[in-house]
Amino acid sequence: MANPKIEAGWHKALREEFNKAYFDDLKGFLETERSQYVVYPPGSRIFAAFDFTPFDQVKVVILGQDPYHGPGQANGLCFSVADGVRPPPSLINIFKELKTDLGCDIPASGNLEKWAKQGVFLLNATLTVRSNTAGSHQNKGWELFTDAVIKAISDKKENVVFLLWGNYAKAKAALIDANKHTVLQAAHPSPLARGAFFGSKHFSKTNEILKSKGIKPIDWCL
């Protein structure tokens, strides 16, 4: 993997990361993995979150942990799947909360590109995974990169709403300047959280915050 062809605003914000030793090690790891295993998402989609949501358009950040590891699921946006792929349980719960919070019909497709195009940056902490092996690319360098991404947003932007769902995402709050941005926390939408995500109303709360800052709200309904 050469240095990524990433949206210009992101490249400017992150260019120092691409020259660090850990990023070279990460590229080497990925080349080895791809030579031996199927890796998701496809190479052209690894940085899809950055391509769909340019740096200067970020309004909201949703943090995930790992890409989906089943065939055809991961499309480079956290929690999202491609058209025609059955939405996984966490995504179904997100849609249920959307319906309760904003009255949105539960969509047939789990593709969240519509959100991304409106400024919702859908970032996984780890941007790749080996097929059928959850967590297989954790602690290989991706987290160093995505922590730098979160910090760049915090340092270089204002009035971004960060949605941190689950303990892993909540730990990233330490990277965010809460004096410049809003951090909303909730349980993870996974069924393993036994419904604790429901009632968080993060979608309506996010829009209220954006409107209070004079920023166009998100059309969350898909």
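Structure: see above.
Residues numbered from 1 in each chain as written. Predicted model: local features only at pLDDT ≥ 70, side-chain atom pairs only at ≥ 80, totals over all residues. Heavy atoms only, no water.

Q: So what's going on with the state of the cysteines? Residues and values would help.
A: By definition, a disulfide links two cysteine residues through a covalent bond between their sulfur atoms. Evaluation of the coordinates by the stated rule reveals one disulfide. Between the sulfur of C104 and that of C221 lies a disulfide, 2.0 Å long from S to S. Here C104 and C221 share a disulfide; its torsion about the S-S bond, -75°, makes the bridge left-handed. Of this pair, C104 sits in the loop between α4 (89-102) and α5 (113-117) while C221 sits in the segment after α8 (202-212), placing them 117 residues apart in sequence. On the basis of relative accessible area, C221 is assigned to the partly exposed category, the value being 28%. Sulfur of C78: no disulfide; nearest cysteine sulfur belongs to C104 and is 17 Å away. (Disulfide = S-S within 2.5 Å. Helix = DSSP H or I, 4+ residues; strand = E, 2+ residues; numbered from the N terminus. Buried < 20%, exposed > 50% of the residue type's maximum accessible area, 1.4 Å probe, protein only.)

Q: Explain helix α6 (residues 142-156) to me, using residue names and the numbers behind them.
A: Compared with an ideal rise of 1.5 Å per residue, which puts 15 residues at 21 Å, α6 spans 21 Å between its outermost C-alpha atoms and is within 8% of the ideal. The set of residues buried in α6 consists of W142, E143, F145, T146, A148, V149, I150, A152, I153 and S154. (Expected span 1.5 Å × (residues − 1).)

Q: Explain helix α2 (residues 21-36) residue by residue, including any values.
A: Between its first and last C-alpha, α2 extends 23 Å over 16 residues, near the 22 Å set by a 1.5 Å rise per residue. Where the residues of α2 are buried, they touch α1 (8-18), β1 (39-40), β4 (129-130) and α6. (Contact = heavy atoms within 4.5 Å.)

Q: So, the side chain of D66: which residues are in play, and what are the values?
A: Structurally, D66 is set in the loop between β2 (60-64) and α4. From its side chain, D66 meets the backbone nitrogen of G135 in a polar contact 2.7 Å long. Other than its neighbours up to four places away in sequence, D66 contacts N124, T126, V129, A134, G135, S136 and Q138. (Polar contact = N/O pair within 3.5 Å; in protein donor to acceptor, adjacent residues only side chain to side chain.)

Q: Can you break down the sheet that holds β2 residue by residue, with the values?
A: As summarised here, the arrangement of the four strands in space is β3-β2-β5-β6, forming an open sheet in which the pairing is parallel. The two strands at the open ends of the sheet, each matched to only one other strand, are β3 (120-124) and β6 (182-186). Neighbour-to-neighbour, the strand axes of the sheet open up by a mean angle of 20°, direction not taken into account. Where β2 meets strand β5 (residues 161-165), three bridges bridge the pair, whose relative direction is parallel. Across the sheet, I62 pairs through a bridge with L163, a residue of β5. (Pairing = 2+ DSSP bridges. Axes fitted to C-alpha atoms, helices over the stretch in contact; angles between N-to-C directions.)

Q: An account of the nonpolar core is needed here, citing residue identities and associated values.
A: Core analysis: the biggest nonpolar cluster contains 62 residues, and W10, F50, I62, W115, F121 and F145 have the highest contact counts within it. If one sorts the elements of this core by residue count, α6 sits on top with six residues. In this structure, W115 is in contact with I62, I94, L98, V120, L122, F203, D219, W220 and L222, ignoring residues within four places of it in sequence. (Core = buried A, V, L, I, M, F, W, Y, C linked by side-chain atoms within 4.5 Å.)

Q: Tell me about the packing of α4 against α8, and name the residues and values.
A: Helix-helix packing is characterised by the crossing angle of the two axes and by the distance between the axes. Where α4 meets α8, the axes come as close as 8 Å, and the angle between the chain directions of the two elements is 60°. The angle between the axes of α4 and α8 places the two elements in the oblique class. Seen from α4, the contacting residues are I94, E97, L98, D101 and L102; seen from α8, they are H202, F203 and S204. Looking at side-chain class alone, the contact of α4 with α8 contains four nonpolar, two polar and two charged residues. (Parallel < 35°, antiparallel > 145°, perpendicular 65-115°, else oblique. Nonpolar A, V, L, I, M, F, W, Y, C, P; charged D, E, K, R; others polar.)

Q: Go over the packing of α2 against α6, please, and point to the residues and values.
A: Two numbers describe how α2 lies on α6: the axes approach to 9 Å, and their chain directions differ by 130°. One finds that α2 runs oblique with respect to α6. Judged by the twist between their axes, the crossing of α2 over α6 is left-handed. Mapping the contact onto sequence places Y22, F23, L26 and L30 in α2 and W142, L144 and F145 in α6. By residue class, the composition of the contact of α2 with α6 is seven nonpolar, no polar and no charged. (Left-handed = near helix turned anticlockwise from the far one by under 90°.)

Q: So what's going on with the packing of aromatic side chains? Which residues, and what values?
A: Taken as a whole and assessed by the stated rule, the structure comprises 21 aromatic pairs. Geometrically, the ring pair formed by F50 and F145 is tilted, given 6.1 Å between the ring centres and 45° between the ring planes. Of this pair, F50 sits in helix α3 (residues 48-52) while F145 sits in helix α6, placing them 95 residues apart in sequence. Residue F50 is classed as buried on the basis of its relative accessible area, which comes to 0%. Through pairs of rings, three or more aromatic residues link up here, namely W10, F18, Y22, F23, F47, F50, F55, F121, W142 and F145. Between the NZ or CZ atom of R130 and the centre of the ring of Y37, over which it lies, the distance is 3.8 Å. Above the plane of the ring of F55 lies K157, whose end atom (NZ or CZ) is 5.3 Å from the centre. (Phe/Tyr/Trp six-rings, centres within 6.5 Å; stacked < 30°, edge-to-face > 60°. Lys NZ or Arg CZ within 6 Å of the ring centre and 35° of its normal.)

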